[in-house]
Amino acid sequence: MISVVIPTSAGAKRLIPTLSSLVPGAAAGLVREVLLVDSGNAPDVAEIADAAGCEYLAGPADTGARLRQGAAAARASWLLFLEPSGLLQEGWAREVRNFTDQIERTGAAERRAATFRLALDGFGVSPRVREAAAMLRHALTGRPRPEQGLLLHRRLYETLGGHTPGPNANRRLLSRVGRKRLVLLRSQILLPEEG
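Residue positions within a chain follow its written sequence, with the count starting from 1. In view of the model being predicted, local features appear only for residues whose pLDDT reaches at least 70, and side-chain atom pairs are presented and counted only at 80 or more, with totals across whole chains, interfaces and linings using the full set of residues. Side-chain numbers here rest on the full set of heavy atoms in the structure, without hydrogens or water.

Here the focus is the confidence of the model for the protein. Values of pLDDT, which run from 0 to 100, indicate the predictor's confidence residue by residue. Per-chain confidence: the protein averages 88 in pLDDT, with 91% of residues scoring 70 or above. Here helix H6 (residues 125-141) stands out as the element of the protein with the lowest mean pLDDT, 69, in contrast to strand E4 (residues 78-81), whose mean of 98 is the highest. The numbering of helices and of strands both runs from the N terminus, where a helix is a DSSP run of H or I of at least 4 residues and a strand a run of E of at least 2.

What follows is the structure, given as structure tokens:
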């Protein structure tokens, strides 16, 4: 089972679809809990958390500190860090379960993490070109965009030192995970075109 940690800070407009995309994982018994760690700038986040059955945590303005707070409060052994505007696409729950089961079966919980394939919301050529550029970047550098989400076991998270304070906490954690430990799942995460 996984704990989903979502840092929120302003406006909950895109949060509701993100939470809706987690429903298949909850229905399959994969998602144990969803933690919304809010900086307090959006009063409607607490209401959304209550209505959706999520845990609401009031946190500091610093994104890295909020992510660390969410990880510390999480009860599951697997952590999934998502942006409030990321929509997990069909089939994600099955693939995440297959990944976590295989990693635990092979004893590689401290050696593997996963991220989702990037899909950009929008029509036309521009989003497709940006998706292709992201795939090329990942192939060359082994680093996805931080908005693509990160799934890892708590032991690996703690071994890496977790999130550090600052606005680029996700990017720094992905850098410490490294290319050799990161698996690109077939499932996609849909992000806003301007993201």
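Our next topic: the layout of surface pockets. Residues are called lining when one of their atoms sits within 4 Å of a cavity or pocket point, these points coming from a 1 Å grid over the protein atoms alone, where a cavity is a set in which a 1.4 Å probe fits but cannot get out and a pocket is an open set with protein on both sides within 12 Å along at least five of seven lines. Grid points are joined across faces, edges and corners, and a volume is the space filled by probe spheres set on the points. Looking at the second largest pocket, its volume works out to about 210 Å³. Among the secondary structure elements, those contributing two or more residues to the lining of the second largest pocket are helix H1 (15-21), helix H2 (23-27), strand E2 (31-38) and helix H3 (44-52). Here the lining of the second largest pocket takes four residues from E2, the largest share from any one element. Tallied by class, residues from the lining of the second largest pocket come to 10 nonpolar, two polar and two charged. Residue polarity follows a fixed list, in which Ala, Val, Leu, Ile, Met, Phe, Trp, Tyr, Cys and Pro are nonpolar, Asp, Glu, Lys and Arg are charged, and the others, Gly among them, are polar.

Among buried residues, the Ala, Val, Leu, Ile, Met, Phe, Trp, Tyr and Cys ones that are joined through side-chain atoms within 4.5 Å form a nonpolar core. For every residue, the accessible area obtained with a 1.4 Å probe (protein chains only) is divided by the maximum for its type, and the residue is called buried under 20%, exposed over 50%, and partly exposed between those limits. Ranked by internal contacts, the top residues of the largest apolar core, which has 35 residues, are Ile2 and Trp92. Counting only elements with at least two residues in this core, the list comes to strand E1 (2-8), H1, E2, H3, E4, helix H5 (92-106), strand E6 (113-120) and strand E8 (182-191). The element that contributes the greatest number of residues to this core is H5, accounting for five residues. When sequence neighbours within four positions are dropped, the list of residues in contact with isoleucine 2 reads Leu30, Val31, Arg32, Glu33, Ala76, Trp78, Leu80, Trp92, Val96 and Leu151. Grouped together as the second largest cluster of nonpolar side chains are 20 residues, Val37, Ala74, Ala113 and Val177 included. Residue contacts are defined here by distance: any two heavy atoms, one from each residue, within 4.5 Å place the two residues in contact.

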